[in-house]
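# Remarks on the overall topology
So the chains spell out like this:
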Amino acid sequence: MRSSAEHAWRGCMESYRDVFISESMEHLNTLTQGLLELEKGNQQVITEIFRAAHTLKGMAATMGYEGMASITHEMENLLDAIREGRVEINSEIVDLLFEAVDLLEAALNSLTQGDEENIDATEISSKLSRYTGTGKKEKQPQRRDGAEEVHRAGAGVKRVDVELDRDCTLKSVRAFMTFRELKELGEIVKCIPDEDRLEDGDFDRSFSIFLKTGASDDEIKERILKKVSEVAGVEVHSVETAPQKSGGTKSEMKSVQTVRVSIERLDSLMNLVGELVISKSRLFQIKNKYAIDELNETLAYIDKLTTSLQEEVQEMRMVEVSYVFDRFPRMVRDLAKKEGKKVEFIVKGRDIELDRTVLDEIGDPLVHLLRNCIDHGIEPPEERLEKGKSEVGRVMLKARRVKDHVEIVVEDDGRGIDPEKIKRIAVERGLISEKEASGMSPEDARMLIFTPGFSSAEKVTDISGRGVGLDVVRNKILALGGTVELESEVDRGTRFVLKLPLTLAITKALLISAGGRIYAIPLNNVSEILNVKREDLTTVMGQEVIQLRGRILPVYDLMTLLGKPATGNGSDARPVVVVEKGGNLIGIAVDELIGQQEIVIKGLEGKLRDVRGFAGSTIMGDGRVSLILDIASLEVG
Amino acid sequence: MAKILVVDDAAFMRMMLKNILGKNGHQIVGEAQNGAEGVEKYRELRPDVVTMDIIMPEVNGIEAVKKIMSIDPEAKIVMVSALGQEAMVKEALEAGARDFIVKPFKESKVLEVIEKLC
């Protein structure tokens, strides 16, 4: 019987585990953000940090995660000591708190994997307690927050701090007696340390009791001193209760209106909607083929519904970039510290939303770019001062929505990218010849940093210069259907602009046929469509070109680009799709335009994933599979 | 100056207390070796303060406190405890004892406690 009850209990706790994990992650986030603020000197955040640690502690203890509970307990003590001004905050303490946060995160990650906590909390706990522990010699009694209980009790609460004689032996009984006396004067709301610890004598020499009372401070003091022996001192303070506390219940009610859904379920919902979109296309084809009028109305309605459904699901999958951005301040701080650089990190547009698949993918590239900013961009403080800049460098991460894509900007006010230096390195590495270098524009030279095998790190640090270059970043962004732009000015700074599609899963595409197959070109790549006559094509230096509003546009046969025999050479006129590629317009000659359609992108997997020129595949309404062209990675010339 | 009754089964402890209290101007009006005797002496002597050992044969200190309190709700009893007897001290306090001292005691502690009660 007992084992089945135990089993039920475990099962019950298991079901809380997910909630515990996701909520704890949020609290960890609060902690991280708060600590960064605190380090900057914003003391106001400490209440928030404290509360996060406190809540985490309670949650972890309830779940029986003792390591986490122990760490958060010590954090809580230390934070309180800081708040009370007993311990002065310094970067060593912040580092230690960060270390604690890291460990908590490790525990959470391990729990996420379905494992145990797998952390050893003893070392960090003892490190943390060193600041608050018994070793200290300060006179002030140990106090901790009683916020919740005290607020609940309302006005008229006083905190009575009692310090016992140094040689007091049965401390718990003295505490007990103090309790007894104070109970005569009012209602005890809370005590610190908690009652269990007081009862076990598990406290230093002092404790605090929160008393809801009408008695004066002197009355309280006198009573304790008179009735309880071995008391070295008593202090009474009025406790301010924050009036906005009642707002708490309101926000609790609000939170009930949201439901947590696992990402997998959203993915599968998205897939189902995708299938629905495909089936819808199929229905349209049938309708057109058999010209069934009765179907029109129903189909129009289904069309509308699927579109709405798709938009809804899309909306659900949108995640604020803050999910990724919020971990950067900490990283930037750590890096800057390690490098001995002073960096002010500004994040803007945290609330901009992106599809989570896109968001998942951009984390690493952003890490890389930010590391570059700090490692290569921002100069050491002395160097900055010499240049007449503020010794604190500025790194900015900014997101904004621009039409149907999101722009993410990573910029610094550091040394900038010197094209001459880049050229020199590129020549050294054998990426370009001396001759090529001399004729290269500064812009093109800067773009060399995206070339595989290029790494300008003069010394290898563990931060960057590990052989993983910016080419990886660029490829990743391109694979997402985005673009990377670079602006830089020597000694003024560098700016990377990433343009990303809002979503990856469903997109509008232009369907074309070439060589007897259908291909899809994502519509956001397409700038216009031309019908080019044979006689409009001229050949310049072996490359077919057309003139478009005074500009020369190279035109490539799609089949040739894909490494197949060219088609349609005999015809008088051919459709040419004008697309943007790397900032330039090029024309792609195809056999036939089929039309515009929503397509559901299925990624290429396994060995196919690295095939250049294709972004994925899609299933057409009639069940055929067609490949989606990836203009960015298409090799031309 | 207070009239004091010392209840303890150990003669050594009684002597200690008598010395400390006596030389500081208090008067030891009586001694008892166990709880039952302590209660009888209280009834008979009506001292200002009683020092009461906890662990004693026959009737222990806590029982004695209860009995004395029923005789005289105003009785001022100080428990004499050893380390590790928190629970029993608390019980005695709940029963009505006013304070306690811990063995091995210091003169100053004993006087502090007694004088607080007078």
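Bear in mind the structure is a predicted one, so any value in this text is a computation, not a measurement. (Residues numbered from 1 in each chain as written. Chains lettered and ligands numbered in written order. Predicted model: local features only at pLDDT ≥ 70, side-chain atom pairs only at ≥ 80, totals over all residues.)

### Some thoughts on the overall build of chain B
Looking only at helices and strands, chain B has 5 helices and 5 strands in total. Overall, chain B shows an N-to-C arrangement of helices and strands of β-α-β-α-β-α-β-α-β-α. Considering chain B as a whole, with its 118 residues, one finds that 41% of them fall into the buried category. Long-range pairs, those at least 24 residues apart, make up 59% of the contacts in chain B with a sequence separation of at least 6. (Helix = DSSP H or I, 4+ residues; strand = E, 2+ residues; numbered from the N terminus. Buried ≥ 20, exposed ≤ 12 C-beta atoms within 10 Å, placed from the backbone. Contact = placed C-beta atoms within 7 Å.)

### A short note on the sheet that holds strand 19 (residues 584–589) of chain A
Residues and elements named next belong to chain A. Taken in spatial order, the 6 strands of this open sheet run 14-18-19-17-16-15, and their pairing is mixed. The two strands at the open ends of the sheet, each matched to only one other strand, are strand 14 (526–533) and strand 15 (538–540). Strand after strand, the sheet turns through a mean of 40 degrees between neighbouring axes, direction not considered. (Pairing = 2+ DSSP bridges. Axes fitted to C-alpha atoms, helices over the stretch in contact; angles between N-to-C directions.)

### Points about the nonpolar core
With 54 residues, the main nonpolar core has Val50, Met52, Ile77, Val78 and Met79 of chain B as its most contacted residues. Each residue touching Ile77 of chain B, except ones within four places of it in the same chain, is listed here: Val50, Met52, Val65, Ile68, Gly96, Ala97 and Arg98 of chain B. With 40 residues, the next largest nonpolar core counts Ile362, Leu369, Leu397 and Ile432 of chain A among its residues. (Core = buried A, V, L, I, M, F, W, Y, C linked by C-beta atoms within 7 Å.)

### Quick word on the confidence of the model for chain A
Averaged over all residues, the pLDDT of chain A is 80; the fraction at 70 or higher stands at 87%. Below pLDDT 50 for its whole length, residues 134–145 of chain A participates in 22 contacts with residues either more than four positions away or in separate chains. (pLDDT = per-residue confidence, 0-100.)

### Thoughts on helix 12 (residues 294–317) of chain A
If you check helix 12 of chain A, its first and last C-alpha atoms are 36 Å apart, about what 24 residues at 1.5 Å a residue would give, namely 34 Å. Helix 12 of chain A sits mainly on the outside: 2 of its 24 residues count as buried. (Expected span 1.5 Å × (residues − 1).)

### Considering unusual backbone geometry
When glycine is set aside, most residues are seen to have a negative phi, and most peptide bonds are trans. All names here are of chain A. With an omega of -5 degrees, the peptide bond running from Ile192 to Pro193 counts as cis. As for its placement among the helices and strands, Pro193 is situated in the loop between strand 2 (186–192) and helix 8 (195–199). Despite not being glycine, Glu230 has its phi angle at roughly 60 degrees, a positive value. Its place among the elements puts Glu230 in the loop between helix 9 (217–227) and strand 4 (231–238). A count of 22 C-beta atoms within 10 Å places Glu230 in the buried class. Phi is positive for Asp491, close to 65 degrees, though the residue is something other than glycine. With respect to the helices and strands, the residue Asp491 is situated in the loop between strand 10 (483–489) and strand 11 (493–501). We classify Asp491 as partly exposed; it has 14 C-beta atoms within 10 Å.

### Some details on the interface of chain B and chain A
With 12 residues of chain B in contact, the opposing surface of chain A contributes 9 residues. Going through the elements one at a time, helix 4 (86–95), strand 5 (99–102) and helix 5 (107–117) of chain B are the ones with two or more residues in the side of chain B that touches chain A. Of all the elements, helix 4 of chain B adds the most residues to the side of chain B that touches chain A, at 4 residues. Residue composition of the side of chain B that touches chain A, grouped by class: 6 nonpolar, 1 polar and 5 charged. (Nonpolar A, V, L, I, M, F, W, Y, C, P; charged D, E, K, R; others polar.)

### Here we look at the pairing of strand 8 (residues 393–402) of chain A
All names here are of chain A. Note that strand 6 (residues 343–348) and strand 8 share 6 bridges and pair parallel. Across the sheet, residue Lys348 finds its bridge partner in strand 8, namely Lys398. Where strand 8 lies against strand 9 (residues 405–412), 8 bridges are found, and the strand directions are antiparallel. The residue bridging Ala399 from the neighbouring strand is Ile408, located in strand 9. The hairpin formed by strand 8 and strand 9 contains 2 residues between the paired strands, and Lys403 there has a positive phi angle of roughly 50 degrees.

### Considering the environment of Gly274 of chain A
Residues and elements named next belong to chain A. Structurally, the position occupied by Gly274 is in helix 11 (residues 263–290). A tally of 21 C-beta atoms within 10 Å means that Gly274 is categorised as buried. Sequence separation between Gly274 and Lys602 is 328 residues; the distance between their C-alpha atoms is 9.8 Å.

### A look at the environment of Asp202 of chain A
All names here are of chain A. Tracing the sequence through the fold places Asp202 in the loop between helix 8 and strand 3 (206–213). Put simply, Asp202 and Ser172 are 30 residues apart on the chain and 7.9 Å apart in space, counted from C-alpha to C-alpha. The contact partners of Asp202, leaving out residues within four places of it in the chain, are Pro193 and Arg197.

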